[in-house]
Amino acid sequence: FVLDWDESVDRLSVGLRIIYAIPAVLLMLLVGIGALFVSIGTWFAILFTGNQPRGMFDFLLKAHRLGSRVSAYLYLLTDTYPKFD
């Protein structure tokens, strides 16, 4: 079983990936702090109402997606710059 890698990798862009990722990591940190507080609020909302508000669910989903995209970018699994959508 042989894997062929036909795409050449630019070593400069790989070396500078940490510098390119600094804004995404800072955004991930801020969104993660917000997600922590939203998670606590969600816990109380579920405790008292029995269901999770849709807005809180959507925010937490986007926060987890952002974390996954930034991690994949930093671990060199993808060349696509992470976006928060």
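From a predicted model like this one, the values you see are computed outputs, not experimental measurements.

K.L.:
Teacher, can you tell me more about the nonpolar core here?
P.N.:
Here is a general trend for soluble globular proteins: nonpolar side chains tend to be buried in one another's company. The biggest cluster of nonpolar side chains holds 7 residues, and these are Ala24, Val31, Ala35, Leu60, Ala63, Leu66 and Val70. Contributions of two or more residues to this core are made by helix H2 (17-49) and helix H3 (54-74). It is H3 that contributes the most residues to this core, 4 residues altogether. Once residues lying within four places of it in the same chain are set aside, the contact partners of alanine 63 are Val31, Ala35 and Phe84.

K.L.:
Sorry if this is basic, but what is going on with the environment of leucine 66 here?
P.N.:
Inspection of the secondary structure puts leucine 66 in helix H3. C-alpha of leucine 66 to C-alpha of serine 39: the two residues are 27 residues apart in sequence and 16 Å apart in space. Dropping the residues within four chain positions of it, leucine 66 is found in contact with Leu27, Met28, Val31, Lys83 and Phe84.

K.L.:
How should I be thinking about the pattern of salt bridges in this particular structure?
P.N.:
It is possible for side chains bearing opposite charge to pair when their charged atoms get close. Counted under the stated rule, the structure contains 2 salt bridges. Of the charged contacts, one joins aspartate 79 and arginine 17 as a salt bridge, the two residues approaching to 2.7 Å between their closest N and O atoms. One end of the pair, aspartate 79, is in the segment after H3; the other, arginine 17, is in helix H2, with 62 residues separating them in the sequence. Assessed through its relative accessible area of 59%, aspartate 79 is described here as exposed.

What counts, and where the lines are drawn
- Residues numbered from 1 in each chain as written.
- Predicted model: local features only at pLDDT ≥ 70, side-chain atom pairs only at ≥ 80, totals over all residues.
- Heavy atoms only, no water.
- Core = buried A, V, L, I, M, F, W, Y, C linked by side-chain atoms within 4.5 Å.
- Buried < 20%, exposed > 50% of the residue type's maximum accessible area, 1.4 Å probe, protein only.
- Helix = DSSP H or I, 4+ residues; strand = E, 2+ residues; numbered from the N terminus.
- Contact = heavy atoms within 4.5 Å.
- Salt bridge = Lys/Arg side-chain N within 4 Å of Asp/Glu carboxyl O.

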